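Here is how the chains run, residue by residue.
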Amino acid sequence: MQRISYKLNQNLEILLSQLANRLEFALKGTISVRQSINSHAISQGGHISIDSKQYPIVQWVSMDMDGVSAMSSSSRVPAWSGRVETNKSSGNRLYSIASNLQLCDNIISNLSPSGRGLIDARVYLGGNGDGYEITSFDSNKSLMNLNKVTSVNLQKYRLAWSSYAIALVDETLYIYYDMEPIARSKLSNRRSILSRGVSSFRLYSRGSGLSFEMCLKSQVAKDEYANLCKERYIDAR
Amino acid sequence: MQGKRAGFSMLTAIAIIIVMSSISALILQTGIRSSAVTTNSYRDRQASLWGKSYLEYAKIAIMKNRMLIVENNQTEALESIHGHQGRSKPHGGYTITVQISYMGVKRPFHSSKTRLLDSTNNNPSAIIDVYVDYSALESRWKNPMRYHIREVIGI
């Protein structure tokens, strides 16, 4: 029993850390749920309260944090900074301060199994639900040309190149990755098993962040199971 | 006959003691491991909280530094902040290093040549990198861990 409780504790701890690391970078307003793999995604508003018994699939657009924390061997300049140079930017042209967009393009193409690049990423300005497509970029000028944006007049932006989803199917928790970076995007056929024996999860708003609760079970004897639940608070970024 | 039986009982008793002590040792070991998992997760969380605290502190320090440069003609730009929290280094604790770089800033931030990454942008900004070095408690400093957080701010 001690051993089972130890294993459950350890596995749950690893699982929660993996999920917290991804959910931390979920863009506000992009979280949606599904009742099954093939059903339509339903957007969640500002207040989130999701139970896996009702909605076993949760998906979100993730900000590209690898780009923000990256730097080349010769310079501390990040791949993208999230700050707009307001003096130069106008119309659909976004000049990004302190950015190495070529590095950003390389990081995305190295991480994406389907070979995405910066062109496939989207720029989120303020509360725009679906972000803006990047039609072209010039790394030397730290310039991105956006599609369908009337005027870039905000100081901050967010860059995303993938959505993620977790799905609880027959007590197995899957993660879907490398999907289009827009809310409610179609689930990709790329998925990996995060854990088996997951009995339920809950995701809900708490303060300015999110709380994530997950329950894991393990068989002790015939028809007897040990169940362990843990909760993790995730800061909003 | 009586003596033989007593000897046999003693052997049984010794065997039971050995089995029982092995089981208790196993339970104790699992208990220790289990608490180590919890402690490590607590230390990871603590490191990220120290990182975020120093990030906020660095933002205020940069603003104050900028004010001193503008008002008092101080020329030294703030480049790094060092700190240590918790127990002294061989026994744990968290060593925090903050590295600050500047972008697109004309005078007076020019004083910091190594940290001035680009002066072509018109909007001055600072890149703050916070590193928190710590280790898993059970292995002291043999198993180093690092938490990194970065933010770009306008100044």
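For the structure given in this document, a descriptive report is provided here. (Residues numbered from 1 in each chain as written. Chains lettered and ligands numbered in written order. Predicted model: local features only at pLDDT ≥ 70, side-chain atom pairs only at ≥ 80, totals over all residues. Heavy atoms only, no water.)

1. Notes on the interface of chain B and chain A
Link 1 in the chain: Contacts between chain B and chain A engage 27 residues on the former and 25 residues on the latter.
Link 2 in the chain: Taken together, chain B and chain A are joined by three salt bridges.
Link 3 in the chain: The closest approach of N and O atoms between Asp235 of chain A and Lys52 of chain B, which form a salt bridge, is 3.1 Å.
Link 4 in the chain: Put simply, the parts of the chain that give the side of chain B that touches chain A at least two residues each are helix 1 (2–72), strand 2 (94–103), strand 4 (125–135) and strand 5 (144–154) of chain B.
Link 5 in the chain: Take the side of chain B that touches chain A: its biggest share by element is ten residues, from helix 1 of chain B.
Link 6 in the chain: The residue inventory of the side of chain B that touches chain A, partitioned by class, reads nine nonpolar, 13 polar and five charged. (Contact = heavy atoms within 4.5 Å. Salt bridge = Lys/Arg side-chain N within 4 Å of Asp/Glu carboxyl O. Helix = DSSP H or I, 4+ residues; strand = E, 2+ residues; numbered from the N terminus. Nonpolar A, V, L, I, M, F, W, Y, C, P; charged D, E, K, R; others polar.)

2. Description of the state of the cysteines
Residue and element names in this part refer to chain A.
Link 1 in the chain: Across all of its chains, the model carries one disulfide over all chains by this definition.
Link 2 in the chain: For Cys215, the disulfide goes to Cys229, at an S-S distance of 2.0 Å. Judged by the sign of its S-S torsion, about 110°, the bond between Cys215 and Cys229 is right-handed. Of this pair, Cys215 sits in strand 13 (residues 209–221) while Cys229 sits in strand 14 (residues 224–234), and the two are 14 residues apart along the sequence.
Link 3 in the chain: According to the relative accessible area criterion, Cys215 is buried, its value standing at 6%. (Disulfide = S-S within 2.5 Å. Buried < 20%, exposed > 50% of the residue type's maximum accessible area, 1.4 Å probe, protein only.)

3. A short note on the sheet that holds strand 3 (residues 49–51) of chain A
All names here are of chain A.
Link 1 in the chain: Pairing in this open sheet of four strands is antiparallel, and the strands run 3-12-13-14 from one edge to the other. Strands at the two margins of the open sheet, each flanked by one partner only, are strand 3 and strand 14. Ignoring which end each strand starts from, the neighbouring axes of this sheet average 10° apart.
Link 2 in the chain: Lying on the sheet, helix 1 (residues 2–23) is in contact with strand 12 (198–206), strand 13 and strand 14; it crosses strand 14 at an angle near 30°. (Pairing = 2+ DSSP bridges. Axes fitted to C-alpha atoms, helices over the stretch in contact; angles between N-to-C directions.)

4. What about the pattern of salt bridges?
Link 1 in the chain: All chains considered together, the criterion is met by 16 salt bridges over all chains.
Link 2 in the chain: Across the pair Asp235 of chain A and Arg45 of chain B runs a salt bridge whose closest N-O atoms are separated by 3.9 Å. Of this pair, Asp235 of chain A sits in the segment after strand 14 while Arg45 of chain B sits in helix 1, which puts the two residues in different chains.
Link 3 in the chain: Glu151 of chain B is the partner of Lys59 of chain B in a salt bridge, and the nearest nitrogen-oxygen pair spans 3.1 Å. One end of the pair, Lys59 of chain B, is in helix 1; the other, Glu151 of chain B, is in strand 5, with 92 residues separating them in the sequence.
Link 4 in the chain: Taking the relative accessible area as the measure of exposure, Glu151 of chain B reaches 28% and is therefore partly exposed.
Link 5 in the chain: Here the salt bridges do not stand alone but share partners, grouping Glu13, Lys230 and Arg232 of chain A into one network.

5. Some words on the side chain of Ser195 of chain A
Link 1 in the chain: Mapped onto the elements, Ser195 of chain A comes out in strand 11 (residues 191–196).
Link 2 in the chain: Among residues more than four places away in sequence, those in contact with Ser195 of chain A are Leu15, Glu171, Thr172, Leu173 and Leu216 of chain A.

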